[in-house]
Amino acid sequence: MPHISVKMLEGRSEEQKKRLADALVKTLTAELHCSGHYVTCTIEDYSAAEWQKVFKEEISDKPADKVFKKAEYDPKDLL
């Protein structure tokens with residue numbers, strides 16, 4: 001079943017995360033024509049230093065055909 005995983009820099013409120021999850025689930029169910037009953041969503045926060053490893057593992061090291069939106073920034077600029 002569809003699972004949405006959001007990894008981002010820390011600093012957003014719980015309310016912002018709840019609104020984001022709701023919006024993502026709504027969009028996913030509309031685009032995939034499936035019930036929200038089957039969709040899960042996680043949100044994980046990282047410091048700028050922790051993000052360096054996440055960026056490498058989740059974006060840089062992924063095959064190009066798995067990354068549908070490429071980064072337009074250098075993660076080192078966040079440090």
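Please read these numbers as outputs of a predicted model, since none were measured by experiment.

Scoring rules and cut-offs
Within every chain, residues take consecutive numbers counted from 1 along the sequence as written. Local features in this predicted model are restricted to residues whose pLDDT is 70 or higher, and side-chain atom pairs enter the listing and the counts only when it is 80 or higher, whereas totals over whole chains, interfaces and linings include all residues. In computing side-chain properties, one takes all heavy atoms of the structure into account and sets aside hydrogens as well as water. Per the convention used, a helix needs a DSSP run of H or I reaching at least four residues, while a strand needs a run of E reaching at least two, with both numbered from the N terminus. We call two residues in contact when some of their heavy atoms are within 4.5 Å. Method for areas: the Shrake-Rupley scheme with a 1.4 Å probe, in which residue coverage is limited to the protein chains shown. Working convention for charge: Lys and Arg count positive, Asp and Glu count negative, and His plus the chain ends are omitted. A single reference atom marks each charge: NZ on Lys, CZ on Arg, CG on Asp, CD on Glu. Burial status follows relative accessibility: with a 1.4 Å probe on protein chains alone, a residue under 20% of its type maximum counts as buried, one over 50% as exposed, and anything between as partly exposed. The set of buried Ala, Val, Leu, Ile, Met, Phe, Trp, Tyr and Cys residues whose side-chain atoms join them within 4.5 Å is what this entry labels a nonpolar core. The criterion for strand pairing is that DSSP finds at least two bridges linking the strands in question. By convention, orient the strands away from the viewer: a clockwise path from the first strand over the helix to the second makes the crossover right-handed. For this text, the term disulfide refers to a pair of cysteine sulfurs within 2.5 Å.

Break down the overall build of the chain for me, with residues and values.
Looking only at helices and strands, one finds two helices and two strands in the chain. Projected onto its principal axes, the C-alpha coordinates of the chain cover approximately 40 × 30 × 20 Å. For the chain, the share of sequence-separated contacts (at least 6 apart) that also reach a separation of at least 24 residues comes to 66%. Put simply, the chain shows about 6100 Å² of open surface, and 54% of that area lies on carbon and sulfur atoms. Once the 13 positive and 15 negative side-chain charges of the chain are each reduced to a mean point, those two points are 2 Å apart.

Describe in detail the environment of Lys56, supporting the description with residues and values.
As for its position among the elements, Lys56 is in helix α2 (residues 48-60). Taking relative accessible area as the criterion, Lys56 reaches 46% and is therefore assigned partly exposed. When the C-alpha atoms of Lys56 and Phe68 are compared, they prove to be 16 Å apart, with twelve residues separating the residues in sequence.

Tell me what's going on with the nonpolar core, and back it up with residues and numbers.
Considering soluble globular proteins, one finds that nonpolar side chains tend to be buried as a cluster. Formed by Ile4, Val6, Met8, Leu28 and Val39, the largest nonpolar core amounts to five residues. Top contributing element to this core by residue count: strand β1 (residues 3-9), with three residues. Apart from residues no more than four positions distant in its own chain, Met8 is found in contact with Lys17, Ile43, Glu44, Asp45, Tyr46 and Trp51.

If you had to explain the pairing of strand β2 (residues 40-46) to someone new, which residues and values would you point to?
Of the strand pairs in this sheet, β1 and β2 are connected by seven bridges, and their pairing is parallel. Among the inter-strand pairings, Leu9 is bridged to a residue of β2, identified as Tyr46. The β-α-β motif built from β1, the intervening helix α1 (residues 14-32) and the parallel element β2 has right-handed crossover chirality.

An account of the state of the cysteines is needed here, citing residue identities and associated values.
Using the criterion set out here, one finds zero disulfides in the structure. Note on Cys41: no disulfide assigned, nearest cysteine sulfur contributed by Cys34 at a separation of 13 Å.

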